[in-house]
Structure formats: C-alpha cells, structure tokens
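Architecture and fold: a report
One-letter residues, chain by chain:
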Amino acid sequence: MANLNHLLFFFLFLLLSLLGKQSMADDVVVRVGVVLDLNSTKGEVAKSYILMAVSDFYAVNSNYRTRLSLFIRDSKDDVIGAACAALDLMKNENVHAIIGPQRTTEAKFVAKLGEKAHVPILSFSATSPFLSPNHNPFFIQTTQDDSAQVKALATLIQAYGWREVITINEDTDYGNDLILCLIDAFQEVDVRLPYRSVISPSSKESDILKELNNLKEMQTRIFLVHMRASLASKFFVLVKNSRMMSEGYAWIMTQGLSSSLDTIDSKVLDSMQGVLGIRPYIQISKGLEDFERRWKTNLTSGKANYKTFGLNLIGLKAYDSIWALAMAVEKANIDNSSFLKQNARESKVDLAAIGVSEIGLRLLNTIASTRFQGLSGKFYLVKGQLKASTFEIFNVIGQTKRIIGYWNTKKGLSKEVDDIYTIAYSVSKDNLKQPVWPGDTTNQPKKLRIGVPARDGFNEFIKIEWCPRTNKPKISGFSIDVFLAVLHMLPFPLPHEFVPYVTKNGQSAGTYDELLYQIKLKNFDAVVGDTTIVANRSSYVDFTLPYSESGVSMVVLMKDNEKKNIWIFLKPLSWELWLAIGAATIFTGLVTWVLEHHVNNKFRGPPDQQIGTIFLFSFATLTSSYREKVVTNLSRFVLIIWAFMVLILTQSYTASLASMLTVQQLKPEFVDVKEIKRNGYFVGYHNDSFVRELLIKQFNIDESKLKPYRTPEEYDEALSNGTHNGGVAAIFDEIPYIKLFLSKYGSRYAMVGPIYKTDGFGFAFPRGSPLVSYISRAVLNVTEDTDKMTGIMRKYFESQTTCVDGSAEISTDSPSLGVYSFGGLFIIAGLTSMFSLLIHVVKFLHFHWPTSNIVPAEGSFWLKLIELVKHFDQKDQCSYPFRKNVSPLNPKISPDGFGASPSIDDKQNHSRTSSEGADNVDVYDDDENL
C-alpha cells in the first residue's frame, strides 16, 4: 500500500511538472549556488531541506515569474575545497547568490569572494560573531550568531549560583570565536573562567583523556562545551569513561552542539545524561508538523534501513534561507541575470577572471528587507544578521531532550515560553523546572567544599560533634552561624558542605595555616571558622572582610598585694601631702593658741601643758574631737575655714582608701612583655595559632620559653601555677578568645598591655575568587545588623557578662593624692590664719605698747619686748570671760574688751586682787565651758 502511495505521488508530481513546463519557459531563471559538505550528516540533511524548500516554495507560489536554479557543489570539509567550489560557481556557472558553506572558516573565505563578485553569500550554519556584515558587506547570516546565546548562557550560570566555569572548545575559528564573547558576558555577572580547555578536532583519545584527567584535578566542576557534533561524539564518551559524568559535575552545551543532537548516535547520547543544553526556540505549528512528516517520507523513500532524524534546526535555517532568497529574487524585478566579465588579459591569477553580478547589490538589499514567518521562526534580518530569538533550555534524559525553561532578552528565565506573569528580568533558578543532573540526582552540582578547623577548646566559635549512628559531623558555632547569615544575604544560592579538617580518628589534621593552604592545594573551595586575617596567609588565599574584632593582647594573673599591706592607710595621700597637713595643723593650732591664750584658761598653764594643748588641739581638729572651746571671733573664723578644709581632706582620703581596698586590691603581676622577656619567664599561646610566630619574630621571645595550650581550663591552670611552678607568666591570644576566657575566669585575670593589631576573623577563598566581593558585601550587611549579630552572640556568649576593655591599660599603682590637688585650700586656710593673727597682733600692740613707756629711756628695745611678752602671758581681766572678776569701779576698761594696763603704783594691788579672785575666775571659766 505504501509503494502505491509513493507511485501516485510521483505521477502527480510529474503531471504538475508537465503542466508548468510551458509557463516556466517564460520564467526568469536565477542561478544560485549551494556549497555543502556532502560527506557529512549535517550536509546531507541540509541538502534534503534545501531541495524540499525549492519544491515547496514554487508549489505555493506557482505564479512567480522567477525561478531559482540550484547548482550544488561539495566543499569536501575543507576551506580550499569550499573556496574552489564557490569560485567555480561564480566563474563558470555565473551564480548570483550562494547558499553555504557550512563552516565558519570556509564562510570567511567565501565571503571575500562574494564581496569581489557582488554575490550575496547566505550562510545558515556559520555562526561566528566575527562574520560581521560590517567587514563582509555581501555576507548574510540567516541564523543567530553565537553571540546571541552568550547572555542566555551567562544568565543560566548566574541562576545556579556558579561563580566559576571552565570552557571546553574545539581548536577552530568556530570554537575560539565564541570564547572571547563569553569572557565579556561572564565578567558582567562576576563569573570567573579559571581555565580554558582547547581540544583539537584531530586529537587522539589519549590526548583527550589526558586533558580530562587534568580537569578532574581542578576545583571547578562546571563545564561549558562548545564544539561540533563530530568531536563531541568522541569527547562525551571519554568523559563518561573518566567518571566525570557523575554527581557533583555539571555540563552545559552551546547552541551549535545542542542543535545537532538529532544527528548524534544514541550510544553517544547515553553518555550525556544530565547535560544541559541551550538552543533557539522553534514554535511547533501545523505547517512544521506537516513538513516533518513529508521530509521523513522523502528521505527514506526507496532507502532500506536508512536512519531518520527529527527536525533539525540547521536544516530548517537552510529551508528558510531558500525561501528568503526566492522571495527576494521575485521582489527585485530581475529581468536577466548576466555577469560582467573582468579584463583578465594581463593577469594570470584565476580570481581576476571572476565577473561582477549586475543584480548582486540589488538582490542583497532586497534580501535584507525580506520578512516572513518561516519554519524555524520569524525571518527578520538586522544589519545582515538574523535577529536573536527566544532560547529553550533542555535537559538530556534518556534519548529525549526535556525542556526545563526558556530565556529571552526581556523576561530572562521562565518556565513557559509565553509567561505573562514575569515582568522583571529574572535570573532565578526557581523559574526553571528541576533538572536531573549527571549521576541521576536532583542535587545541584558544585557544592562548595568548605574546610572547618577542629579544635579542643573555645567551642563557642567552632564545635564539631560526630553522630554515633552515621558518623557524620554536626558543625555549629558562632562562626558557622555568621556564615549562614551571610549566605542568606547573597543574591544567588551557594550550595555547600562543611568538611572538618581532621584525621581518620577525628583529631585536628594540622594548624590553621596548613588548613588555609589546603585551598591552594585545591582540597577545599573555602575555609570557614575563626581564621584570622594576617599578611602571610593572604599570599595564597583571599579573605573576605572581617566579621569580628581584631587584635592580640596579653592576659595575666591579678595579685592582691595592696589588701595585705599594713601601711595601706598611708597610701591615699602622698608624703608631701601628709607633711603639708601636719604643718598646717600645727600652724593652725599655734595661731589658735595665740588668739586664745590671754582670754581662755584652756590655753593657759605651765609651758609643757600649753605645748601639749597646742599639739592636742591641732590634731583633734582633724577629727572634730577637740574639747577646748574658743572664745574669740578670730579663732572661730580660723577654725571655720580649717574645718572646711579638713572636711574635704578627710572625704578625699576616705574615697581613695576605699578605692585601694576594693579595685586596687587586684593588681596585675605583669603589664609589660619586656619585663617578662627580661626575666626569662614562660609565655603561653594558643596551639596551632599564628600567635606563636608573632611572639618569636616580633617580640623576640625565646622559642624555649613558649608553651602551647588549647582550652580555657588549661589557660586557668597555667596562669594560676605561675612561671615558677610549671605554668606561665602570661598568655598571648586574640581578643575574642581572651574575652571568652575572662567571661569565665575574669575575677582572677585581666587583659593588660597594648593591643597588637590584626584584622580579625574572616572567611577564606581561593585567590581571585569572584565570591570574595559578594561575601564581603554580605558580611557588612550582617555585622551592621545589630539585632542579628546580638542574637547570634547571645546564643553562644550568653554567660559573658563582663569583660575588660582591651584598649585600656591597667595601672600598676593608684596615684596618691598630692599637695597640688589641694593647693587652693592650703592657701585659703593659711591666709585666713595669717589675717586673723595680724589683726590680733595689731590690736594687742595698740593697747599694750604704750605700757612699755614705764621702761627707762635708757632701756633697750629688748626690755620693751620682754614687757610686751609679760603682758601677753597675763590674763585679760577686761575680756568677756573674766569680766565678773573685775571691779566695776575700775575705770580702765577698754571698749573693745582689752583692759588698760595698770599703773606701776597699782601693780601690787592688782596682783593681790588677781590672786584673791583666782578661784572665782576658774569657777566662772568652768561654768562657761559647761
């Protein structure tokens, strides 16, 4: 039955040809060349599409007066072969347009021939972005060039959060040209190309395997493959044999290879499971389905066991190219298709004999303005190139290509090609369906292997616990929580796994420097932990911005010497101040005695008693415990000022002594590393830390004097024992560890001395990693979020209530109060006493100096002075305390209370009266004191 249908179709086609033969006799025939590699699958498929295109076009447009006449030549998969074929078509067949050739290298040469002969060259498969019409005016790309897919590839890689990609391309113009465009596009999205693998199409399997083994040793597991199907068929089989098509790897194909998968053998396709591909989207229509059915029928007609293919993008582009050329020929109103021959008589070069097409330029302009809906989509040229269209992203699963999403220039990624809900440009993988990755897994490849340090102490920063059932690590701590918060701030996902840096028995595998060096050795993709940013480490890794405070300082034991000092009560005041107070006290007492001596019985008596009174009264005033009552206003004025001064002095003394008995009872044993080094004391440091090198190189401490410790408990024991009992005099460590230690043992220890600058804790990545800038910006966002950082810190450092300010130094001695601090008080008190004393002396001399006239004229000044002293030593009977014992008839009473001196005649009488009333006066004085 099938043979009968084919026979009927053949007779129908023959009948239509005979009917149209007469009309075709009047048609204008336009000669068109076709250059294909007829020995390749792609060339064979393209030839069948081209022949069907001519037949279908004139079957639909039978009224057209122009007809394309095809002249097919074989390029023999060679640049020279393609050039010779094109030259033959132009010179001998006088073609006015050429379809092909297939390859970029061939198209570049043929384009120059077309420019010389004014023959448009329409290429449906040469996709190099450097075949620009600006440099080749008669070259037309009827397919998207490779640069059209670059942004789609960059968006796809950005969506999955991959920051590094290795490109693998064939070593041809086709393979190399795209990579230059990829570099620029990837830089815009901060994707790094750490390595570029170039494979020659003529490479042996051993050469490819060697290159694959080289790729296996690299950290990057994301590969972008750009090569033709012929090389890819060999390459992917070797990839699978090398176990690189397994979990953890990701492979992406460019549009050239993706569009040719239908021509690849099924066994090769089995080795590409999980690969992602990107190719121009072709909208399925009824016309396309009808064409596919007819094409398969024609291709297999009369050919037993012939392999059939599905719709081929390159073939469809060739089909649409024929339609575009046929439309342009008709639209150009071509009446003839003659060539103008060049004068080649003086040239022996065959190229000089090429003619120039008279209709070439007109035909070129007409093709450029042609618009129609072809089988592969809308045919619309912009500056000689097909306008970029929507790309579909597919996943190779079995023998099928499962569509997982689409990309276009306006919406970015989307699950549906006509997604009306996507407004903004999307770079989210959530807008794609879940792919199946190599290794038959849905787990996204390229998880960052993040090294984590293992430590015995200070587990608040990093803590590793092993599950007894699964023997898998559970990692937590302040550093881990900060890193997870940072990842939450990133604009893209960052799959990762934490890998403890431990030996088989779970112990630490080395120092922090050795852990960080594993990044350079490519054993880890990053290191997260309490790793300090220091200069020597930055030579082989890149650090992010710090997420903790910085600095190295010293913690020492506090001693309680002051509390046990029996003379501590003297320390609040300096010796100068003690002497000044003593002198001022005696001076004040002496002034008071002078002011009170001749009017107050408490300041009278035998010399030894008066001297005792002066000193007793003087020091009693310091505590306000004196019993002697002063009676003169001048004395009261002096004592008021002195009492004010004593109040300030006693309050200051009390405060200073209280401070010494509380705060200053804790005194650091050492405050200077020079003292420790000079005495040869032992010094501790955190094991596996860079602090050891700091102590040796910067502080020049003898290596034999260093002792490593791991835990806060070991710190406590070493400092408690001291340097003479198997411990250390001080421990040097980073400030975060010291603060954590002090939060547990702060009552006995203190952080002292200067802080030696470091840059704090940071996350480490390989040199040049594009992740560093993203992570650093996220670190800033996290550390500036006070609520978030406070929550994390409370989770791990909740017990930390007090801490010593590392920027402050603890003083070795509390400064005693000095004279200068109270200089103003001493001046005021001194001036007051001197002023009162001066007034008293002036008054005394005023009333008693004339009495000295009783001294004979021939007497000396000293006799007068002795007489004044005698008067001073006598009681002033006219003063208020003694008035009731003075005769009211005595007229010699001074109005100011000073009695007038008696005459010589009354002296004895006065003495007797004084002696008789002595007892009464004493009683009166006692009554007054009471």
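Report on the accompanying structure. These numbers were taken from a predicted model, which means no experiment stands behind them. (Residues numbered from 1 in each chain as written. Predicted model: local features only at pLDDT ≥ 70, side-chain atom pairs only at ≥ 80, totals over all residues. Heavy atoms only, no water.)

As for unusual backbone geometry
Omega for the peptide link from Gly-100 to Pro-101 comes to -5°, which places this bond in the cis form. Counting through the fold element by element, Pro-101 comes out in the loop between β3 (97–99) and α4 (104–117). For Asp-440, which is not a glycine, the phi torsion comes out positive at approximately 55°. Note that Asp-440 resides in the loop between β18 (412–414) and β19 (448–452). In this model, Lys-522 sits at a positive phi of 70°, which is unusual for a non-glycine residue. If you trace the backbone, Lys-522 turns up in the loop between α15 (512–520) and β23 (526–527). Among the residues examined, Lys-522 registers a relative accessible area of 43% and is labelled partly exposed. (Helix = DSSP H or I, 4+ residues; strand = E, 2+ residues; numbered from the N terminus. Buried < 20%, exposed > 50% of the residue type's maximum accessible area, 1.4 Å probe, protein only.)

Considering the packing of helix α12 (residues 313–331) against helix α13 (residues 360–368)
Between α12 and α13, the shortest axis-to-axis distance is 9 Å and the interhelical angle comes to 120°. With respect to α13, the element α12 is oriented oblique. Regarding α12 and α13, the two cross each other, and that crossing is right-handed. The residues of α13 that touch α12, namely those facing Leu-325, Ala-328, Val-329 and Lys-331, are Leu-363, Thr-366 and Ile-367. Taken together, the residues that form the contact of α12 with α13 break down as five nonpolar, one polar and one charged. (Axes fitted to C-alpha atoms, helices over the stretch in contact; angles between N-to-C directions. Parallel < 35°, antiparallel > 145°, perpendicular 65-115°, else oblique. Left-handed = near helix turned anticlockwise from the far one by under 90°. Contact = heavy atoms within 4.5 Å. Nonpolar A, V, L, I, M, F, W, Y, C, P; charged D, E, K, R; others polar.)

Considerations on the nonpolar core
Ranked by size, the top nonpolar core spans 51 residues in total, and within it Phe-478, Phe-763 and Ile-775 carry the most contacts. Elements that contribute at least two residues to this core include exactly β19, α14 (478–489), β25 (552–559), α21 (712–721), α22 (735–745), β30 (749–756), α23 (771–783) and α24 (786–797). Ignoring sequence-local partners within four residues, the contact set of Ile-775 consists of Val-486, Leu-487, Leu-490, Leu-494, Thr-544, Phe-763 and Phe-765. By size, the runner-up hydrophobic cluster in this structure holds 49 residues, among which are Ala-46, Ile-367, Leu-381 and Leu-386. (Core = buried A, V, L, I, M, F, W, Y, C linked by side-chain atoms within 4.5 Å.)

Considering helix α8 (residues 229–241)
Between its first and last C-alpha, α8 extends 18 Å over 13 residues, near the 18 Å set by a 1.5 Å rise per residue. Every buried residue of α8 is accounted for by Ala-229, Leu-231, Ala-232, Phe-235, Phe-236, Leu-238 and Val-239. Of the residues one or two after α8, Arg-243 is the one with positive phi, at around 60°. (Expected span 1.5 Å × (residues − 1).)

Considerations on α23
Given a rise of 1.5 Å per residue, 13 residues ought to cover 18 Å, and the 18 Å separating the end C-alpha atoms of α23 matches this to within 8%. Three or more residues of α23 are buried, namely Leu-771, Val-772, Tyr-774, Ile-775, Ser-776, Ala-778, Val-779 and Val-782. On its buried face, α23 sits against β19, α14, β24 (542–543), β31 (764–765) and α24.

Observations concerning empty space enclosed by the protein
With the rule as written, the count across this model stands at five cavities of 30 Å³ or more. Space inside the largest cavity adds up to approximately 170 Å³. Contributing to the lining of the largest cavity are 15 residues, with Arg-163, Glu-164, Lys-446, Leu-448 and Leu-771 lying nearest its centre. The residue makeup of the lining of the largest cavity, split by class, is eight nonpolar, three polar and four charged. Of the volumes computed, that of the second largest cavity is approximately 70 Å³. Taken together, Arg-455, Tyr-512, Asp-530, Thr-532, Arg-537, His-686, Ser-689, Phe-690, Asp-733, Glu-734 and Tyr-737 make up the full set of residues lining the second largest cavity. Each residue belonging to the lining of the second largest cavity can be placed in one class, and the counts come to three nonpolar, three polar and five charged. (1 Å grid on protein atoms, 1.4 Å probe; cavity = no way out; pocket = protein on both sides within 12 Å on 5 of 7 lines; lining within 4 Å. Points joined across faces, edges and corners; volume = space filled by probe spheres on them.)

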